[in-house]
Amino acid sequence: MNWRWLMRAAMWVRNPPSPQRVKLFAGLVALCILIGLVEYFGYWPDWATLDRPPRIPRF
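Reading the values: rules and limits
Residues numbered from 1 in each chain as written. Predicted model: local features only at pLDDT ≥ 70, side-chain atom pairs only at ≥ 80, totals over all residues. Heavy atoms only, no water. Helix = DSSP H or I, 4+ residues; strand = E, 2+ residues; numbered from the N terminus. Rg over C-alpha atoms; globule rule 2.2 N^0.38 Å. Buried < 20%, exposed > 50% of the residue type's maximum accessible area, 1.4 Å probe, protein only. Areas by Shrake-Rupley, 256 points an atom, 1.4 Å probe, with all protein chains shown as cover. Phe/Tyr/Trp six-rings, centres within 6.5 Å; stacked < 30°, edge-to-face > 60°. Lys NZ or Arg CZ within 6 Å of the ring centre and 35° of its normal. 1 Å grid on protein atoms, 1.4 Å probe; cavity = no way out; pocket = protein on both sides within 12 Å on 5 of 7 lines; lining within 4 Å. Points joined across faces, edges and corners; volume = space filled by probe spheres on them. Nonpolar A, V, L, I, M, F, W, Y, C, P; charged D, E, K, R; others polar.

Caption draft 1: Expanded view of the overall build of the protein chain. If you tally the helices and strands in the protein chain, you get two helices and zero strands. A globule of 59 residues ought to have a C-alpha radius of gyration of about 10 Å, yet the protein chain, at 19 Å, is considerably larger. Referenced to the eigenvectors of the C-alpha coordinate spread, the extents of the protein chain come out at roughly 50 × 35 × 15 Å. Across the 59 residues in the protein chain, those meeting the buried criterion constitute 0%. With an accessible surface of roughly 6,700 Å², the protein chain has 67% of that area assigned to carbon and sulfur atoms.

Right, here's the structure in full:
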């Protein structure tokens with residue numbers, strides 16, 4: 001763990017986020033997990049899937 005994350009953790013302990021922000025973050029994480037599970041089990045619709053992955057630009 002580097003010092004930046006340690007300082008951020010100390011700041012969160014001194015001034016924690018509001019319960020509304022914690023609920024928002026938990027909801028977003030749950031939504032991402034739900035989308036991942038839907039795709040993993042094969043229920044993701046075909047119209048929402050790319051035909052081929054985009055080409056990686058070369059520099």
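Caption draft 2: Structural detail: the environment of tyrosine 43. For tyrosine 43, the position within the fold is in the segment after helix H2 (19-40). Between the alpha carbons of tyrosine 43 and isoleucine 56 there is a distance of 28 Å; along the sequence they are 13 residues apart.

Caption draft 3: Representation of the packing of aromatic side chains in the model. Applying the stated criterion to the full structure yields one aromatic pair. Here tyrosine 40 and phenylalanine 41 contribute two aromatic rings whose centre-to-centre distance is 5.2 Å and whose plane-to-plane angle is 75 degrees, an arrangement assigned as edge-to-face. Both residues of the pair, tyrosine 40 and phenylalanine 41, belong to the exposed class. We note arginine 8 situated over the ring of tryptophan 5; from NZ or CZ to the ring centre the distance is 4.9 Å.

Caption draft 4: Structural view of the layout of surface pockets. Approximately 170 Å³ is the volume attributed to the largest pocket. Taken together, Trp12, Pro17, Arg21, Val22, Leu24, Phe25 and Leu28 form the lining of the largest pocket. The biggest single contributor to the lining of the largest pocket is H2, with five residues. Here the lining of the largest pocket is composed, by residue class, of six nonpolar, no polar and one charged.

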